[in-house]
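Structural features, examined
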Amino acid sequence: MQRFQINSYKEYEKAYQASIDNPEAFWEEIAESFVWKKKWSKVLEWDFTKPEVTWFKDGKLNITENCLDRHLKDRGNETALIFEPNDPNEGAQYFTYKALHSKVCKFANVLKANNVKKGDRVCIYMPMVPELTVAVLACARIGAVHSVVFAGFSASALSARINDAACKVLLTADGGFRGTKITPLKDIADQALETCPTIQTTIVLKRVNNDVTLLKNQVWWHDQLKTVDDNCPAEIMDAEDMLFILYTSGSTGKPKGMVHTCGGYMVYTAYTFRNVFQYSCSKTNDFGRDYTRSSPKDVYWCTADIGWITGHSYIVYGPLANGATTLMFEGVPSYPDYGRFWDICEKHKVNQFYTAPTAIRALAKQDTNYADNYNLKHLKTLGTVGEPINLEAWNWYNDYVGKGKCPIVDTWWQTETGGIMISSLAGVTKDKPTFATLPLPGVQPVLLDTDGTIIEGNPAEGILAIQFPWPSIARTIYGDHQRYKNVYFSAYKNKYFPGDGALRDASGNYRITGRVDDVIIVSGHNLGTAPIEDAINEHPIVAESAIVGFPHDIKGNALYGFVTLKDIGSTSDQEALRLEINQLITEQIGPIAKLDKIQFTSGLPKTRSGKIMRRILRKIAASETDNLGDTSTLLNPECVQEIMDNVL
Ligand code: WTA
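Right, let's walk through the structure included here. Keep in mind that this is a model prediction, so the values were computed, not measured.

Definitions and limits used
- Residues numbered from 1 in each chain as written.
- Predicted model: local features only at pLDDT ≥ 70, side-chain atom pairs only at ≥ 80, totals over all residues.
- Heavy atoms only, no water.
- Helix = DSSP H or I, 4+ residues; strand = E, 2+ residues; numbered from the N terminus.
- Rg over C-alpha atoms; globule rule 2.2 N^0.38 Å.
- Buried < 20%, exposed > 50% of the residue type's maximum accessible area, 1.4 Å probe, protein only.
- Contact = heavy atoms within 4.5 Å.
- Lys, Arg positive; Asp, Glu negative; His and termini not counted.
- Charge placed at Lys NZ, Arg CZ, Asp CG, Glu CD.
- Pairing = 2+ DSSP bridges.
- Near = heavy atom within 4 Å.
- Polar contact = N/O pair within 3.5 Å; in protein donor to acceptor, adjacent residues only side chain to side chain.
- Areas by Shrake-Rupley, 256 points an atom, 1.4 Å probe, with all protein chains shown as cover.
- Nonpolar A, V, L, I, M, F, W, Y, C, P; charged D, E, K, R; others polar.

**Structural notes on the overall build of the protein**
Helix and strand content of the protein: 18 helices and 30 strands. Computed over the C-alpha atoms, the radius of gyration of the protein is 24 Å, within 12% of the 26 Å expected from 2.2 N^0.38 for a compact globule of 648 residues. In terms of overall dimensions, the protein has C-alpha extents of about 75 × 65 × 55 Å along its principal axes. Burial statistics for the protein: of 648 residues in total, 59% are counted as buried. Long-range pairs, those at least 24 residues apart, make up 70% of the contacts in the protein between residues at least 6 apart in sequence. Measuring between centres, the 68 positive side-chain charges of the protein sit 5 Å from its 75 negative side-chain charges.

Spelled out as structure tokens, the structure:
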């Protein structure tokens, strides 16, 4: 019998082997630890050529019963959720499993009262407040499909996502606090709603108390709660019913609405959460009972926003399915000062801390080493996600935060994979700086050369692919299955292609080397080049543009734009034009996609078939011009010298 928790390297090896030898038997045993309304008839059916993947066929469940109801008996009074507000003086809020359950049921009834039914899509555009977690779970409670849009996206990005999924209801807030700033979410939402005919009702939470007026078909969250009770039976869902849609950038075209389903996603996020972080649910934890909170067990904190997959899987679903105490933070690492993360760790006695390399680099860059000013002795596991972590950042994290005694789990995964794919298991399998290390049970990675041949043996370097389905693989792109097939299953036959390159050391540890497509990861956010170029090209005097990434100390990568103008003499004020271009990007996508550098040029290097050679631009932007390769076959080789001469 497979045990849910892996406690030693030997157990990892055994579990991994079992998951390869007989994946169905392996996942069947893991899935039996959950509450199902009806058992599945078949564990797995799959065909990557279509592609079609079915886990736990005919199984019936509701994920919120697994995240909430089943904990009520034994740990109803333990803390499920800790909310740490932007302003530390506002004071944290604690929600027991009972309280969270009651809030979710109540809000689920609000949704029902607003005509939301199973299968309807609900867009959530909210700050990082407890009501966001409640809203997500309330959707799941009644079988509505949530589509959370990160509250940093612009009105036009929001409306594109609402329209793509034809959402019926929008949940938003008057505004959101982020450090010293307030994001005017309601104003942005109103602007988006001008072009969203499918939204029937908007429910608005009061958070910042700014002056907003409700328009037609808009209601206050708190008013809605007045007329509902907290009795809401969970909708019975098929294992393969949609749980949520979450958008991720592609290298071309509009964002892809990745679809995740109920059963496999629940099983995989819960299993990986427990094992990667080695979260301990024991009644008394290592430092004895803590009377300042009702929870005697580990406190886990993931700093991501619920607007991203990391927040979905490892703030909400994975931890709650384990009966864990999960912390959510509304603010930013720099407010009131760069000690805030460590202040929160000390205050809430955080045991597992999960963040992004870009945050680690920003903190490591400060003149004061704030981490030294706080008591971090409760930390047991550190984690990173979202982009490759460089050695310097890894060392700083290890030395100053972990004090050399906390394992660091470098977790590689994607919006599309739903859960962590390659990572060490804290303290159980070995970590290795800058390596994600070993695949989790059930994950079968391979390295391919450019023709798609599997590279056997170690060490090796190539294109990463996965050759067998795992339970939380995205099932499709909402409304565009063909695109799902083209992007992920067509590059290499019978394999899932994530878009990353990797190498494997002599012991089989994986290190992710970065994207092999036109997605650029800036501060841990995936940005496709095409949508940014489209935004720039809307400027009336821009002819063409090409975006590449270049190395940046804190953000990992920053964006460099090469722009040609319709009439080269048409502007003398380049600075003003740069501001206008970034303004367009902010409006179309959001401030996260702004360019750090914009170079105007008379031409972009192109192949004879007219394709922009981004490879050359990438090298110029990174100041690696000594090996540009052969440029003589270009249509317009002369522009390369001009671009090099004027590089910023
Ligand atoms: C990158 C975030 C190196 C990778 C969960 C992937 C990483 C993309 C790591 C997905 C890591 C994520 N090391 N690179 N530990 N984790 N990535 O969809 O390029 O926001 O394909 O999901 O981030 O980003 P996404």
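That was the structure; now back to the text.
**A short note on the side chain of S472**
Its location among the elements puts S472 in the loop between β22 (460-466) and β23 (476-477). Not counting the four nearest positions on each side in its chain, S472 is found in contact with H260, G264, Y265, Y268, E416, T417, G418 and G419.

**Section: the pairing of strand β7 (residues 145-148)**
Residues of β7 alternate between two faces, with V145 and S147 on one and H146 and V148 on the opposite face, all of them buried. By the bridge criterion, 2 bridges tie β7 to strand β14 (residues 242-248) in an arrangement that is parallel. Each bridged residue has a counterpart across the sheet, and for S147 the counterpart in β14 is I245.

**As for the site of the ligand**
The immediate surroundings of the ligand are formed by 17 residues, with D410, T411, T415, D500 and R515 found nearest. Taking T415, its side chain carries an N or O atom lying 2.6 Å from an oxygen atom of the ligand. At 3.1 Å from an oxygen atom of the ligand is found a side-chain nitrogen or oxygen belonging to N526. Summarising the interface, the protein chains cover 96% of the accessible area of the ligand, which totals 530 Å² for the free molecule. Sorting the residues of the shell around the ligand by element identifies α10 (309-321), β20 (408-411) and β25 (510-515) as the ones contributing at least two each. Here the shell around the ligand is composed, by residue class, of 7 nonpolar, 6 polar and 4 charged.

Remember, this is a structural readout, not a statement about activity or role.
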